[in-house]
Every structure is written in structure tokens, then in C-alpha cells.
Amino acid sequence: MSTKKILLVVGGCFLGLVLLFVGSMVVAKLLFSDKEKGFVTGPGIGLIEVKGMIVDSSEPIRQLRHFAKKDSVKAVVLRIDSPGGVVGPSQEIYEEVRKLAAKKKVVVSMGSLAASGGYYIAAPATVIYANPGTITASIGVLIKFSNLEGLFGKLGVSSTTIKTGSFKDAGAPDRPLSPEDRAMFQALIDSTHEQFVKAVAEGRKLPVDEIRKIADGRVLSGEQAKALKLVDKLGNLPDAVEEAGRLAGISGEPSIILAPKKKVNFFEMLAEGAEGRFNGVLNKAAVGRGLQVTYE
């Protein structure tokens, strides 16, 4: 191949890479633009969705705070379809919903499931909508432990723990819970359960003793929850949007405003992906690693 042909091939490849890079940047800008979807210029209703297990509060909090600052957002609808999740993130979202509800009307729309932590984050809203068949409530706390001592023995696996205090390895899978361990964990979940009860009572403006009567982990249908004042109205998402518009004083059908997508740093994504895979391997290798108290 002549030198001229080689230069043409190299130049073509370089141009193709440049075009690919520019195209990627354009697509990324379209996907992760800071502008709200829908190009709404007038007043509207902000819509936030919380779906699945609540394990991270950062994205719901980011959206709640964004809408709190936007004058064009007159009220917010929080759509929840969640079985619950970890205590800390649930409490963090609850607090942000409570603060937003003090400034603007917040209407919750429950989907098929808004139980435990999913109900926790709904409690401080201005109005709560549920479908008649929504599974909700489940006001309770749990910690799960697995005892693999027998399995380890059959496999010929033994372990030795060196610790600084009698409770440091409480809940480890290679030994049963001692009575002292069990009492400590029971005190822990009793404390977080009481926080749950008080949060619901405060959010729903109901007596604490009234909430305690039904805070035994039971699940309720939307219809049952309404009878117990845990839910205000029965209806779907469009009903919740209409209610938010009415509370905000918007005439006619309110416009829906979605929060801008989170800005993405592609280098951070690569780093986080590698870290996540590394931690995943560690978590699989270390059976029972970590402790999570959950609302579920």
C-alpha cells in the first residue's frame, strides 16, 4: 500500500473518531440537559417518582430541593411505588418532604405498593392519595440474621474472631445470637420503631397512641388506610395531579414539570462502576458483612 493510501486511511479513521466523539457529546447533552422536560413556561406541578427499595436518598432529595427553589412549580406530586427500605435514607427523604410541605403543597400518589419506608416518606405530605387496593402502612422495623454455623461445620470451615468488646461481632453468621445480643438488637429496633411511630403521628397530625395501635407491621389496603386516617383520599395519579393544581390555585389542567436529570461526569461513572464491582466481590466474599436496619 502506498504512503498516500495509508495517510488517507489514517485520516479517515481519525475523522471518524472525531465525529463519533462529537456525536456522543451531543447525545449526552440531550440526555442530561438541565432544562425541565416539557418546555413549560408558566406555573405547573412538579412530579417526583420514588420506585423500588429505598436504599439511597440522594436523587429524591435533589429533586425535592430543586422544586422547592423553582417559583414556577406551585405544588409537587410525589408518586410512590415502594415496599420500603433502609431506615436512614427513608428518614432523610421524610425530612425533605416535610420541609417542602411547609413551603408548597405536596400531594402523594401511592401506586400498587407504598409500605413501611414507602409509607414513612409519604406521611408528612399535605394530602395522601391511594388506590383502594394499594398495599400500604406496614409500620414496623426489622433486622435479619442468618446462622450458617452448621453449614460451615459440614464444609470444614472454621473462623476465629478477635474483638474489642462482647458485642462487636453480634449478628455474625458463624455463631448464634446470645441473649445479650438479642436484647441489644431488640432495643435498637424498638428505638427506630418509636421514631417511625412519632414521625407518622407528626406527619398525619394524629395522636401517637392512635398510631401505636396499628404500628405492629400489619399491611393495609388503601381503603383500610383511609378509614384509619393514614390516607386522605382514594384516587389515582391524575386525581393527585388535579388536587395539587387545585391546592396551588392553578386554573384548568395543570402542566407537569419534571426535574432535570442529574449531571453526569463520565469519568466519575467509570470510577464508581469499578468501585461498585470491587465492593460487590468483597460483599460476596464476606458473608453477612454489614448491618442494615430496614423499614420493610
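Notes on the structure in this doc start here. (Residues numbered from 1 in each chain as written. Predicted model: local features only at pLDDT ≥ 70, side-chain atom pairs only at ≥ 80, totals over all residues. Heavy atoms only, no water.)

## Observations regarding helix α3 (residues 87-101)
An α-helical segment advances 3.6 residues per turn. Residues three or four places apart therefore align on the same side.
Okay, step 1: With 15 residues, α3 should reach 21 Å at 1.5 Å per residue; the first-to-last C-alpha distance of 21 Å fits that figure.
Okay, step 2: Buried within α3 we find Val87, Pro89, Ser90, Ile93, Tyr94, Glu96, Val97 and Leu100. (Helix = DSSP H or I, 4+ residues; strand = E, 2+ residues; numbered from the N terminus. Expected span 1.5 Å × (residues − 1). Buried < 20%, exposed > 50% of the residue type's maximum accessible area, 1.4 Å probe, protein only.)

## Some thoughts on the packing of α3 against helix α6 (residues 179-204)
Okay, step 1: With their axes 12 Å apart at the nearest point, α3 and α6 run at an angle of 15° to one another. As judged from the angle between their axes, α3 and α6 are roughly parallel. Crossing of α3 against α6: the hand is left-handed. Facing α3, whose interface residues are Gln91, Tyr94 and Arg98, α6 presents Gln195, Ala199, Glu202 and Gly203.
Okay, step 2: Tallied by class, the residues present in the contact of α3 with α6 amount to two nonpolar, three polar and two charged. (Axes fitted to C-alpha atoms, helices over the stretch in contact; angles between N-to-C directions. Parallel < 35°, antiparallel > 145°, perpendicular 65-115°, else oblique. Left-handed = near helix turned anticlockwise from the far one by under 90°. Contact = heavy atoms within 4.5 Å. Nonpolar A, V, L, I, M, F, W, Y, C, P; charged D, E, K, R; others polar.)

## Notes on the packing of helix α2 (residues 58-69) against α3
Okay, step 1: Where α2 contacts α3, the axes come no closer than 10 Å and their chain directions differ by 10°. As judged from the angle between their axes, α2 and α3 are roughly parallel. Residues Pro60, Ile61, Leu64, Arg65 and Ala68 of α2 lie in contact with α3, whose contacting residues are Glu92, Ile93, Glu96, Val97, Lys99 and Leu100.

## A short note on the side chain of Ser57
Okay, step 1: Mapped onto the elements, Ser57 comes out in the loop between β1 (44-51) and α2.
Okay, step 2: When its relative accessible area of 6% is taken as the criterion, Ser57 is described as buried.
Okay, step 3: Ignoring anything within four residues of it in the chain, the contact list for Ser57 reads Pro89, Glu92 and Ile93.

## So, the layout of surface pockets
Okay, step 1: Counted as a void, the second largest pocket has a volume near 340 Å³.
Okay, step 2: When residues of the lining of the second largest pocket are traced back to their parent elements, those giving at least two are β1 and α2.
Okay, step 3: It is β1 that contributes the most residues to the lining of the second largest pocket, five residues altogether.
Okay, step 4: The class makeup of the residues in the lining of the second largest pocket is 10 nonpolar, one polar and seven charged. (1 Å grid on protein atoms, 1.4 Å probe; cavity = no way out; pocket = protein on both sides within 12 Å on 5 of 7 lines; lining within 4 Å. Points joined across faces, edges and corners; volume = space filled by probe spheres on them.)

## Some thoughts on the packing of aromatic side chains
Okay, step 1: Overall, the coordinates contain three aromatic pairs when judged by the stated rule.
Okay, step 2: Ring geometry for Tyr94 and Tyr120: centres 5.1 Å apart, planes at 70°, overall edge-to-face. With a gap of 26 residues between them, Tyr94 in helix α3 and Tyr120 in helix α4 (residues 117-120) connect regions that are remote in the sequence. The two residues Tyr94 and Tyr120 agree in class, both being buried.
Okay, step 3: Arranged with centres 4.7 Å apart and planes meeting at 50°, the rings of Phe145 and Phe185 form a pair that is tilted. One end of the pair, Phe145, is in the loop between β6 (135-137) and α5 (149-155); the other, Phe185, is in helix α6, with 40 residues separating them in the sequence.
Okay, step 4: According to the relative accessible area criterion, Phe185 is buried, its value standing at 9%.
Okay, step 5: Site record: aromatic cluster; members linked through ring pairs are Tyr94, Tyr120 and Phe196. (Phe/Tyr/Trp six-rings, centres within 6.5 Å; stacked < 30°, edge-to-face > 60°.)

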